[in-house]
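Fold and geometry: a report
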Amino acid sequence: MLLAIDVGNSHTVFGLFSGEELVDHWRVATDAHRTADEWAVLMGGLIGASATGGGVEGIAMCCSVPGVLHEMREMFGRRHPGVPVVVVEPGVRTGIPVRMDNPKEVGGDRIINALAAVRLYGGPAVVVDFGTATTFDAVSARGEYIGGAIAPGIDISVEALSRRGAQLHMVEITTPRSVIAKNTAEALRSGVVFGFAGQVDGVVDRMATELADPAAGVGADDVTVVATGGLAPLVVSECETVDVHEPWLTLVGLRLVFERNNG
């Protein structure tokens, strides 16, 4: 069994693979103050509670929180001695050429999302990841990571609005009944859901235009748009440009990177 771990700023996602099949998965809050022992207890409880839980024979991880990365490394060494571990960081082979001014500053999760998108759907592609930030990552027809865009995420935007708006309060974000709302709560939902959907469609359209290469017979309509991330279900159904929703794209990318670095 391969354990894939995606540590984000807000949430950490665990996935358990048997071969190429994702047999179980869990999402927990990321806590930068959690110790190696606490991570071990949490992870052991999750895997032990799974009906498909078995011996962990490999671990693949990407991490956006340095404090968590340190504790995870310590936990792996103490609790899983001898188990091969691949952490996505500079020097790890991903198979994706990164055409950026400074490739080392690109988050590992964005690279492996691009890798998974290319392997699953081919290039050119745009990956939209709905997390703490909403990120847009562009992959060329040759499978190269060529850049992207970053916007404030849904949760960040809603929290900021509730703090700065004296008469606005936090509400559960669900699909609104209509764009023109009849009360404040519905107005917030409308603005968030349709506003972010419009943002996604606008950025994706511009990226698809730049990815088009008429000389090579690649048009903007040939770009595959893949949505992922924990907040994607809130918006993706209202996006006109999204072709496929792949909720476990990052975990698939981690599996591919592990296989590439462990034969």
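First, a word on what this report is: a plain description of the structure on this page. (Residues numbered from 1 in each chain as written. Predicted model: local features only at pLDDT ≥ 70, side-chain atom pairs only at ≥ 80, totals over all residues. Heavy atoms only, no water.)

1. Here we look at the sheet that holds strand S3 (residues 21–29)
Pairing is mixed across the open sheet formed by five strands, whose spatial order is S3-S2-S1-S4-S5. Edge positions in the sheet fall to S3 and strand S5 (85–87), since each has one partner strand and no second. Sheet twist, expressed as the average angle between the axes of neighbouring strands with direction ignored, equals 15°. In terms of strand pairing, strand S2 (residues 11–18) meets S3 through eight bridges, oriented antiparallel. Across the sheet, residue Ser18 finds its bridge partner in S3, namely Glu21. Sitting on the sheet, helix H7 (residues 249–261) touches strand S1 (2–7), S2, S3, strand S4 (58–63) and S5, and the angle it makes with S1 is about 125°. (Pairing = 2+ DSSP bridges. Helix = DSSP H or I, 4+ residues; strand = E, 2+ residues; numbered from the N terminus. Axes fitted to C-alpha atoms, helices over the stretch in contact; angles between N-to-C directions. Contact = heavy atoms within 4.5 Å.)

2. Examining the pattern of salt bridges
This model, assessed by the stated rule, comprises 10 salt bridges. Glu74 is the salt-bridge partner of Arg78, the closest N and O atoms lying 2.7 Å from each other. With Arg78 and Glu74 both in helix H2 (residues 66–79), this residue pair falls four residues apart, about one helical turn. Arg78 gets classed as partly exposed once you look at its relative accessible area, which sits at 45%. (Salt bridge = Lys/Arg side-chain N within 4 Å of Asp/Glu carboxyl O. Buried < 20%, exposed > 50% of the residue type's maximum accessible area, 1.4 Å probe, protein only.)

3. With respect to the environment of Ser162
Mapped onto the fold, Ser162 is located in helix H4 (residues 154–164). Distance in space between the C-alpha atoms of Ser162 and Leu188 is 9.9 Å, their sequence separation being 26 residues.

4. As for the sheet that holds strand S9 (residues 224–228)
Ordered by their spatial adjacency, five strands build an open sheet running S8-S7-S6-S9-S10, and the pairing between neighbours is mixed. Two strands close off the open sheet at either side, each with one partner strand: strand S8 (145–152) and strand S10 (244–245). By the bridge criterion, two bridges tie S9 to S10 in an arrangement that is parallel. Among the inter-strand pairings, Ala227 is bridged to a residue of S10, identified as His245. Contacting strand S6 (125–130), strand S7 (133–139), S8, S9 and S10, helix H3 (residues 108–121) crosses the sheet at an angle of about 120° to S8.

5. Considering the layout of surface pockets
Here the largest pocket is characterised by a volume of approximately 670 Å³. Together, 33 residues line the largest pocket, and Gly8, Asp109, Asp129, Gly131 and Thr132 are the ones closest to its centre. Of all elements in the fold, only S2, H3, S6, S7, H4 and H7 reach the threshold of two or more residues within the lining of the largest pocket. Of the residues belonging to the lining of the largest pocket, the class tally is 11 nonpolar, 14 polar and eight charged. Approximately 420 Å³ is the volume found for the second largest pocket. Contributing to the lining of the second largest pocket are 20 residues, with Val88, Glu89, Pro90, Val106 and Gly108 lying nearest its centre. Within the residue set of the lining of the second largest pocket, elements represented by two or more residues are S4 and H3. Broken down by element, the lining of the second largest pocket gets its largest block of residues, three residues, from H3. Looking at the lining of the second largest pocket, its residues break down into 11 nonpolar, five polar and four charged. (1 Å grid on protein atoms, 1.4 Å probe; cavity = no way out; pocket = protein on both sides within 12 Å on 5 of 7 lines; lining within 4 Å. Points joined across faces, edges and corners; volume = space filled by probe spheres on them. Nonpolar A, V, L, I, M, F, W, Y, C, P; charged D, E, K, R; others polar.)

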